[in-house]
Amino acid sequence: MNRALHAKWIWRYGKEEKALWRKVVNHKFGGNPKVFFPSSNNKPMRILWASILKSNSTVVQNSVLKVNNGDKVLFWRDIWLNGHAPMMLFPALFKLSRNKDATIQEMLMMSGHDTWNFAFSRLLNDQEIEDVAHLLNLIPAINSDSGGNQ
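On a predicted model such as this, the values are computed, not experimentally measured, just so you know.

What counts as what
Residues numbered from 1 in each chain as written. Predicted model: local features only at pLDDT ≥ 70, side-chain atom pairs only at ≥ 80, totals over all residues. Heavy atoms only, no water. Salt bridge = Lys/Arg side-chain N within 4 Å of Asp/Glu carboxyl O. Buried < 20%, exposed > 50% of the residue type's maximum accessible area, 1.4 Å probe, protein only. Helix = DSSP H or I, 4+ residues; strand = E, 2+ residues; numbered from the N terminus. Arc of directions from axis to C-beta. Contact = heavy atoms within 4.5 Å. Phe/Tyr/Trp six-rings, centres within 6.5 Å; stacked < 30°, edge-to-face > 60°. Lys NZ or Arg CZ within 6 Å of the ring centre and 35° of its normal. Core = buried A, V, L, I, M, F, W, Y, C linked by side-chain atoms within 4.5 Å. Expected span 1.5 Å × (residues − 1). Polar contact = N/O pair within 3.5 Å; in protein donor to acceptor, adjacent residues only side chain to side chain.

(A) Spotlight on the pattern of salt bridges. Inspection of every chain in the model, using the stated rule, returns 5 salt bridges. Measuring nitrogen to oxygen at the nearest pair gives 3.4 Å for the salt bridge that ties Lys-72 to Asp-71. Accessibility assignment for this pair places Lys-72 and Asp-71 in one class, buried. Glu-128 is the partner of Arg-122 in a salt bridge, and the nearest nitrogen-oxygen pair spans 2.7 Å. Using a relative accessible area of 41% as the deciding quantity, one classes Arg-122 as partly exposed. Within the structure, one salt-bridge network assembled from shared partners comprises Glu-17, Asp-71 and Lys-72.

Quick look at the structure:
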């Protein structure tokens, strides 16, 4: 099979959220059913799905995710922050996060006003506090009333 067809399946995975085939793939091979792009895990896979997942990075690198309410975009792993994944910009903070696979919506706690719940595994040192401040300055306002993602 060619890469273009594999890329199309990756894109369909994100767009066809309620499709039976996507539910079967998630059940059989694992993955986070809430996110746009499929992910691999340690479950054994058939050769076909494993080869489709090889095209995932190509699709991710050539796509722009629209955050909207953040329910489909992984906070740390997806490319949404000025063209970068936060885990690449702040690897020390990513390493300390207990919620490495949380969506933006899951990281954002609604409590009268928006606050971020980074859930770090320990207290931060001065450099890490500066990194959090820099991260917060980079994060755009999230519109929690928006519709789905693309």
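(B) Highlighting helix H2 (residues 20-29). Among the residues of H2, Arg-22, Val-25, Asn-26 and Phe-29 are the ones counted as buried. Relative to the axis of H2, the buried residues are bounded by an arc of 100° and lie together on one face. Across H2 from its buried face, at more than 90 degrees, point the exposed residues Leu-20 and His-27. Buried residues along H2 sit against helix H1 (3-15) and helix H3 (47-53).

(C) Up close: the packing of aromatic side chains. For the structure shown, the criterion picks out 10 aromatic pairs. Where Tyr-13 meets Trp-21, the ring centres are 6.4 Å apart and the plane angle is 65°; that geometry is what we call edge-to-face. In this structure Trp-21 comes out as partly exposed when scored by relative accessible area, which is 22%. Taken together, the ring pairs in this structure connect Phe-75, Trp-76, Trp-80, Phe-94, Trp-116, Phe-118 and Phe-120 into an aromatic cluster. Above the plane of the ring of Trp-9 lies Arg-12, whose end atom (NZ or CZ) is 4.5 Å from the centre.

(D) Here's a closer look at unusual backbone geometry. The phi torsion at Asn-68 lies on the positive side, around 50°, for a residue other than glycine. With respect to the helices and strands, the residue Asn-68 is situated in the loop between helix H4 (56-61) and helix H5 (86-89). We note that Ala-119 has phi near 50°; this positive angle belongs to a residue other than glycine. Turning to its location among the elements, Ala-119 is positioned in the loop between strand E2 (113-116) and helix H8 (126-138).

(E) Up close: the environment of Asp-131. The residue Asp-131 is located in helix H8 in this model. Here the alpha-carbon distance between Asp-131 and Phe-90, two residues 41 residues apart in the chain, equals 7.1 Å. When residues no more than four places from it in sequence are discounted, the contact partners of Asp-131 are Phe-90 and Leu-93.

(F) A look at the nonpolar core. Among the nonpolar cores identified, the biggest contains 30 residues, and Phe-75, Trp-76, Trp-80, Phe-118 and Leu-135 are the most heavily contacted of them. Among the elements of the structure, H1, H2, H3, H4, helix H6 (91-96), helix H7 (104-107) and H8 are those that each provide at least two residues to this core. Discounting chain neighbours no more than four positions away, the residues touching Trp-80 are Val-67, Val-73, Leu-74, Phe-75, Pro-86, Ile-104, Ile-139 and Pro-140.

(G) Here's a closer look at H8. End to end, H8 covers 19 Å across 13 residues, agreeing with the expected 18 Å (1.5 Å per residue, within 8%). For H8, the full list of buried residues reads Glu-128, Asp-131, Val-132 and Leu-135. Viewed along the axis of H8, the buried residues span an arc of 100°, placing them on a single side of the element. The exposed residues of H8 that point more than 90 degrees off its buried face are Asp-126, Glu-130 and Asn-137. Those residues of H8 that are buried are in contact with H6. Measuring from the backbone nitrogen of Gln-127 back to the side-chain oxygen at the start of H8 gives 3.1 Å, which picks out Asn-125 as the cap.

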